[in-house]
Structures are given as C-alpha cells and as structure tokens.
Amino acid sequence: SELSNKMLQRNKYNLNAISHDTAIEMIQRALSAGVNVTAAYIDTVGDQDSYQRKLSARFPSIDFTVCKKADSIYPITSAASICAKVTRDQEIKNWTFKEQGFSSKNSIGSGY
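We now turn to the structure provided with this report.

Rules and cut-offs
Residues numbered from 1 in each chain as written. Predicted model: local features only at pLDDT ≥ 70, side-chain atom pairs only at ≥ 80, totals over all residues. Heavy atoms only, no water. Helix = DSSP H or I, 4+ residues; strand = E, 2+ residues; numbered from the N terminus. Buried < 20%, exposed > 50% of the residue type's maximum accessible area, 1.4 Å probe, protein only. Contact = heavy atoms within 4.5 Å. Areas by Shrake-Rupley, 256 points an atom, 1.4 Å probe, with all protein chains shown as cover. Salt bridge = Lys/Arg side-chain N within 4 Å of Asp/Glu carboxyl O. Core = buried A, V, L, I, M, F, W, Y, C linked by side-chain atoms within 4.5 Å. Phe/Tyr/Trp six-rings, centres within 6.5 Å; stacked < 30°, edge-to-face > 60°.

### Thoughts on the overall build of the chain
No. 1: Looking only at helices and strands, the chain features 5 helices and 2 strands.
No. 2: Scanning the chain from its N terminus toward the C terminus, one meets helices and strands in the order α-α-β-α-β-α-α.
No. 3: Residues counted as buried form 17% of the 112 residues belonging to the chain.
No. 4: Summarising the internal contacts of the chain: among those between residues at least 6 apart in sequence, 44% fall at separations of at least 24.
No. 5: Summed over all atoms, the accessible surface of the chain reaches about 8,500 Å², with 54% contributed by carbon and sulfur.

This is how it looks when you write it as structure tokens:
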C-alpha cells in the first residue's frame, strides 16, 4: 500500500528513489545510534555512479563502494543480503492480511 501510494502520487516517487532513500535512512540511523560506519558496500539500484555520488555527498566520511552484483562480489554484502531475505521471509510468514482469502499459509511468494 505504501509503495503503491508513493508511485501513484502526482509527483512520482519510483522504486529506485525509494530504495536510495531507505538506504540513506538506514545509514543515518546507524550513525545516530553511535555506530562508527567507515565503509559501505552497496548493490546498486539504478546508475551506480550517480548513486555513489549521492551517498558520498550525504555521508562524506564514509567510503562507499556501489556496484552491480555487490552481493556476489563482497562477502559482507552477501551476508547482509541473506539476513535481509530471511527477515523478509519471516515477516511475510507472520503477516496478517486485511484482505479476505489470503493467508500466510498460502504460497504468495516474495518477489524472488
């Protein structure tokens, strides 16, 4: 619902922008919690050069590596990808649907 609303609003907010802003928010939350982030390896969404410039401009003290297939190149990104997928699958398994006829017992998939 949130994604659909953002993509259908008058000023479009596409999935790439949503992904970028979510990554920025996650990094900011880590920094605000006192985590000493010195480097980040990110699997690109959209143009990798502009994404890396965007992140570096927002967080100049962090060394960013943004590239396609980062999860198959960098073990730390692979581990994060696995954690994210396990978390996503658990959330879907425990999801309570508002719509009738859907249940977490149904095979609904999660995009992968």
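Additional details are given in the paragraphs that follow.
### What about the pattern of salt bridges?
No. 1: Per the stated rule, a full pass over the model turns up 3 salt bridges.
No. 2: As a salt-bridge pair, Asp-21 and Lys-54 come within 3.9 Å of each other at their nearest N and O atoms. Separated by 33 residues along the polypeptide, Asp-21 in helix 2 (residues 15–32) and Lys-54 in helix 3 (residues 48–58) bring together distant segments of the chain.
No. 3: Judged by relative accessible area, Lys-54 falls into the partly exposed class, the value being 33%.

### Quick word on the nonpolar core
No. 1: Ala-23, Ile-24, Ile-27, Val-37, Ala-40, Ile-42, Tyr-51, Leu-55, Phe-59, Ile-62, Phe-64 and Val-66 together form the largest nonpolar core, which totals 12 residues.
No. 2: Considering every element that reaches this core, the biggest residue donor is helix 2, with 3 residues.

### Quick look at the environment of Ala-70
No. 1: Position of Ala-70 relative to the elements: it lies in helix 4 (residues 70–73).
No. 2: For Ala-70, a relative accessible area of 0% corresponds to the buried category.
No. 3: On a C-alpha basis, the gap between Ala-70 and Ile-42 in space is 6.2 Å, while along the polypeptide they are 28 residues apart.
No. 4: Apart from the residues within four sequence positions on either side, Ala-70 is in contact with Ile-42, Asp-43 and Thr-77.

### Notes on the environment of Tyr-51
No. 1: Structurally, Tyr-51 is set in helix 3.
No. 2: Judged by its relative accessible area of 2%, Tyr-51 falls in the buried class.
No. 3: The spacing of Tyr-51 and Ala-17 is 34 residues in sequence and 9.9 Å in space, taken between C-alpha atoms.

### Considerations on the packing of aromatic side chains
No. 1: Taken as a whole and assessed by the stated rule, the structure comprises 2 aromatic pairs.
No. 2: Here the aromatic rings of Tyr-41 and Tyr-74 are separated by 4.7 Å at their centres, their planes lie at 40°, and the arrangement is tilted. Placement of the pair is Tyr-41 in strand 1 (residues 39–43) and Tyr-74 in the loop between helix 4 and helix 5 (75–93), with a sequence separation of 33 residues.
No. 3: Classification of Tyr-74 by relative accessible area gives partly exposed; the value is 25%.
No. 4: Residues Phe-59 and Phe-64 carry aromatic rings whose centres are separated by 6.4 Å and whose planes lie at 45° to one another, so their mutual orientation is tilted.
No. 5: The buried category is assigned to Phe-64, whose relative accessible area is 3%.

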